[in-house]
Each structure stands twice: as structure tokens, then as C-alpha cells.
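Now for the letters of each chain:
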Amino acid sequence: MLNVLADACSTEAVVNQTALLASSEEVVPIVAIGGGILVAIVAIIFGSVKKMVMSRNVEESRREIAAYVAEGSITPEDAKKILESEPKSIRDA
């Protein structure tokens, strides 16, 4: 009787371990896909923030150059040269 009870307990333990292993095997792909999606979302958010900051800085620089032209510190031709000399990556932002 004790042998049958011991066998039942060990069989139940094996079944529980197998179920746990199966559930952990199912979790790994879900975590991997979820992690990939999370990384993509964070990259998109940071890319958008970077573009916003760059465009804000470019616009602020343009305003400052316009103010210098208005007060007569620089000529309009010099301002045009300065604005055209910006790197292409900043103008495209």
C-alpha cells in the first residue's frame, strides 16, 4: 500500500514538473516577442524626441540669427550663409 502511494506521489511530481517545464517553454517565446516589441517602441519614442529637440534647436537658432540681422549686428547676406551652412542632417530633421 505504501509503495502504491509513493509511486502515485512520484508520478504526480513528475507530471507537475513536466507541466511546469511546458509552461516555461511557452513563456520564453512570449517574453522574447514582448521584449522585442518593447525595444521597438522605446526606439520609436526616442527617435521622435530627438527629432523634436533638433527641430526646436534649429528654429531657435534661426530666430537668434534673425534678431542679429534686425539689430544690425550681421548683414542679411551673412545670415543667409550661416543658415545655408547647416549640416544636411539638421535641415532634414
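Residues numbered from 1 in each chain as written. Predicted model: local features only at pLDDT ≥ 70, side-chain atom pairs only at ≥ 80, totals over all residues. Heavy atoms only, no water.

### Notes on the overall build of the chain
Helix and strand counts for the chain come out as three helices and zero strands. For the chain, the α and β elements follow one another from N to C terminus as α-α-α. By the burial criterion, 4% of the 93 residues in the chain qualify as buried. Within the structure as shown, the chain displays about 7,800 Å² of accessible surface, and the carbon and sulfur contribution to it stands at 67%. (Helix = DSSP H or I, 4+ residues; strand = E, 2+ residues; numbered from the N terminus. Buried < 20%, exposed > 50% of the residue type's maximum accessible area, 1.4 Å probe, protein only. Areas by Shrake-Rupley, 256 points an atom, 1.4 Å probe, with all protein chains shown as cover.)

### What to know about the environment of Ser85
Along the chain, the position of Ser85 falls in the loop between helix H2 (76-84) and helix H3 (88-91). A polar contact of 2.7 Å, which involves the side chain of Ser85, links it to the backbone oxygen of Ile82. (Polar contact = N/O pair within 3.5 Å; in protein donor to acceptor, adjacent residues only side chain to side chain.)

### Some points on the pattern of salt bridges
One pass over the structure, following the stated rule, counts one salt bridge. A salt bridge links Arg63 to Glu59; its shortest N-O distance comes to 3.8 Å. Of this pair, Arg63 and Glu59 both sit in helix H1 (residues 2-71), separated by four residues, roughly a single helical turn. Take Glu59: its relative accessible area is 33%, and that puts it in the partly exposed class. (Salt bridge = Lys/Arg side-chain N within 4 Å of Asp/Glu carboxyl O.)

### Quick word on the confidence of the model for the chain
This prediction gives the chain a mean pLDDT of 80; 66% of its residues lie at or above 70. Confidence scores differ between elements of the chain, with H3 showing the lowest mean pLDDT of 60 and H2 the highest of 91. (pLDDT = per-residue confidence, 0-100.)

### Let's talk about the environment of Glu71
You can see Glu71 is positioned in helix H1. Within the structure, Glu71 has its side chain in polar contact with the side chain of Ser73 (distance 2.5 Å).

### Regarding a nonpolar patch on the surface
On the surface, Ile33, Ile37, Ile41, Ile45, Val49, Met52 and Val53 cluster together into a nonpolar patch covering about 620 Å² of accessible area. The exposure class assigned to Ile41 is partly exposed, which follows from its relative accessible area of 43%. (Patch = residues over 30% accessible without salt bridge, like charges linked within 9 Å, V, L, I, M, F, W, Y side chains within 5 Å.)

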